[in-house]
Amino acid sequence: MTTLSQASCEACRIGAPTVSETEARELLTQIPDWSLIEVDGIQQLQRQYKFKNFVAAMAFANELADIAEAEGHHPGILVEWGKATVTWWSHSIKGLHRNDFVMAAKTDSLLGK
Ligand SMILES: C[C@H](O)[C@H](O)[C@H]1CNC2=NC(N)=NC(=O)C2=N1
């Protein structure tokens, strides 16, 4: 089985289906540190990472920006002193696509966890 973190994002156009509840639960088992949240009726994946200071959190955010650009899929990132909160969802379909799970796994891989 290809691990999520090694997969690439596939084209996700307006009208593509969001992942089913069953599929979301199955994919979540591969990224157990992420939470499924709902914001304004939109399902999202969220995880908070801890760092030693603001600069380290910013460096992580910049590395994440690079992989987001490479994949053409972009997260919400909130950088604060000693932490970064990352949120993934697919704007084009107002919900979760498999791409979001792939990107969450890649985000974990940045830190080797
Ligand atoms: C034109 C461009 O590829 C799209 O707007 C991309 C950019 N990055 C994106 N990122 C996310 N998270 N969702 C999207 O729907 C999305 N769309």
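The text that follows walks through the structure, step by step, so that each part is easy to find. Only a predicted model underlies this, so the values are computations on that prediction, with no experimental measurement involved.

1. Some details on the sheet that holds strand β3 (residues 76–80)
Then, number 1: One open sheet accounts for four strands, arranged β1-β2-β4-β3; its pairing is antiparallel. Strands with a single pairing partner mark the edges of an open sheet, and in this sheet they are β1 (35–39) and β3. Taking each pair of neighbouring strands and ignoring which way they run, the sheet shows an average axis angle of 30°.
Then, number 2: As paired strands, β1 and strand β2 (residues 42–50) are joined by five bridges and run antiparallel to one another. Among the inter-strand pairings, Ile37 is bridged to a residue of β2, identified as Gln44.
Then, number 3: Across the sheet, helix α2 (residues 54–71) touches β2, β3 and β4 (83–88), and the angle it forms with β3 is around 165°.

2. Describing the nonpolar core
Then, number 1: Ranked by internal contacts, the top residues of the largest apolar core, which has 27 residues, are Ile31, Trp34, Leu45, Trp88 and Phe101.
Then, number 2: At the level of secondary structure, the elements contributing two or more residues to this core comprise α1 (21–28), β2, α2, β4 and α3 (98–110).
Then, number 3: Ignoring any residue separated from it by four or fewer positions in sequence, one finds Phe101 in contact with Leu4, Val19, Ala24, Leu27, Leu28, Ile31, Leu45 and Leu96.

3. A closer look at the side chain of Ser90
Then, number 1: Note on placement: Ser90 falls in the loop between β4 and α3.
Then, number 2: Other than its neighbours up to four places away in sequence, Ser90 contacts Cys12, His73, Gly95, His97 and Asp100.

4. Concerning the environment of Pro17
Then, number 1: Summarising the element assignment, Pro17 is placed in the segment before α1.
Then, number 2: By relative accessible area, which is 65% here, Pro17 ends up exposed.
Then, number 3: Sequence-wise, Pro17 and Leu96 are 79 residues apart; in three dimensions their C-alpha atoms are separated by 8.7 Å.
Then, number 4: In this structure, Pro17 is in contact with Ile93 and His97, ignoring residues within four places of it in sequence.

What counts, and where the lines are drawn
- Residues numbered from 1 in each chain as written.
- Predicted model: local features only at pLDDT ≥ 70, side-chain atom pairs only at ≥ 80, totals over all residues.
- Heavy atoms only, no water.
- Pairing = 2+ DSSP bridges.
- Helix = DSSP H or I, 4+ residues; strand = E, 2+ residues; numbered from the N terminus.
- Axes fitted to C-alpha atoms, helices over the stretch in contact; angles between N-to-C directions.
- Contact = heavy atoms within 4.5 Å.
- Core = buried A, V, L, I, M, F, W, Y, C linked by side-chain atoms within 4.5 Å.
- Buried < 20%, exposed > 50% of the residue type's maximum accessible area, 1.4 Å probe, protein only.

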